[in-house]
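# What the coordinates show
Read off the chains here:
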Amino acid sequence: MAQCPICTRSFAKDRLEKHQEICEKSHAKKRKVFDPVKMRVSGTESEQYLKKIKQGGDKQQKNRYRQSPKKVDWRKQHEEFVANIRAAKMAQAHVDAGGSLADLPPPPPSENPDYVQCPHCERRFNEAAAERHIPKCSSISSNKGPPGKQGGKRGGRR
Ligand SMILES: [Zn+2]
Ligand SMILES: [Zn+2]
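Here's a quick rundown of the structure. (Residues numbered from 1 in each chain as written. Chains lettered and ligands numbered in written order. Predicted model: local features only at pLDDT ≥ 70, side-chain atom pairs only at ≥ 80, totals over all residues. Heavy atoms only, no water.)

### Things to note about the overall build of the protein chain
Tallying secondary structure elements over the protein chain gives 5 helices and 4 strands in all. N-terminal to C-terminal, the α/β element order of the protein chain is β-β-α-α-α-α-β-β-α. Here the protein chain holds 158 residues, and 11% of them are scored as buried. Across the protein chain, contacts joining residues at least 24 apart in sequence account for 20% of those joining residues at least 6 apart. In the form shown here, the protein chain has an accessible surface area of approximately 14000 Å², with 53% of it arising from carbon and sulfur atoms. (Helix = DSSP H or I, 4+ residues; strand = E, 2+ residues; numbered from the N terminus. Buried < 20%, exposed > 50% of the residue type's maximum accessible area, 1.4 Å probe, protein only. Contact = heavy atoms within 4.5 Å. Areas by Shrake-Rupley, 256 points an atom, 1.4 Å probe, with all protein chains shown as cover.)

### Focus on the coordination of the zinc ion (ligand 1)
Every protein donor of the zinc ion (ligand 1) is accounted for by Cys4 (SG), Cys7 (SG), His19 (NE2) and Cys23 (SG), and the metal-donor separations fall at 1.9 to 2.4 Å. If you look at the zinc ion (ligand 1), its 4 donor atoms make angles of 105 to 113 degrees with each other, and the shape they trace is tetrahedral. Written as a sequence motif, the donor residues of the zinc ion (ligand 1) are C-x2-C-x11-H-x3-C. On the basis of relative accessibility, which here comes to 0%, the residue Cys4 falls in the buried class. (Donors = N, O, S within 2.8 Å, 3.2 Å for Na, K, Ca; no water. Tetrahedral: all angles 85-135°; square planar, octahedral: opposite > 155°, others 65-115°.)

### Considerations on the coordination of the zinc ion (ligand 2)
Taken together, Cys118 (SG), Cys121 (SG), His133 (NE2) and Cys137 (SG) make up the protein donors of the zinc ion (ligand 2), found 2.0 to 2.3 Å from the metal. In primary-sequence terms, the residues that donate to the zinc ion (ligand 2) follow C-x2-C-x11-H-x3-C. Placement of both His133 and Cys137 in helix 5 (residues 127–143) is noted, with a separation of 4 residues, approximately one turn of the helix. The class of His133 is buried, set by a relative accessible area of 16%.

### Concerning helix 5
With 17 residues, helix 5 should cover 24 Å at 1.5 Å per step; its first-to-last C-alpha distance of 24 Å lies within 8% of that length. Every buried residue of helix 5 is listed here: Ala130, His133 and Cys137. Buried residues along helix 5 sit against strand 3 (116–117) and strand 4 (124–125). (Expected span 1.5 Å × (residues − 1).)

### A word on the side chain of His19
Its place among the elements puts His19 in helix 1 (residues 13–34). Contacts of His19, omitting those with residues within four sequence positions, involve Cys4, Cys7, Arg9 and Phe11.

### Here we look at the environment of Ile134
Examined against the element boundaries, Ile134 turns out to sit in helix 5. Overall, the relative accessible area of 21% leaves Ile134 in the partly exposed class. Residues within four places of Ile134 in sequence aside, it is in contact with Val116, Gln117, Cys118, Pro119 and His120.

The structure is reproduced here in structure tokens:
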């Protein structure tokens, strides 16, 4: 005879092994019903996190999840923007050193919506093009005379 360490009942040795398996499982199940999550996370940061959720922070949580991809997007855009500027600076350095823009590989196509926007005509350009365009556009628009004369009444756009 041998004793089951879980329920302390006695069994024949050859039956004990089998019983212990079952006994363990049934005890584990009972424990699960009790509150496995609480047991696992108690005393950790997750505990407070869970509490927050249970307190009806569900909506807030969802909102936060909805916002986070936006953040990632912004970051990606920023990185592309920085890469763009860096490429433009490299091109500029190349030109300054007496090279030609034609020597350079074309800038990688980018879906970046953060191209530099011309403050005069509101068109968007990549960094290099904007550097060339904006001073030109600025002199053109200042030559046009008083504002509000260009093609219709002002205030109609945007
Ligand atoms: Zn047992
Ligand atoms: Zn412009």
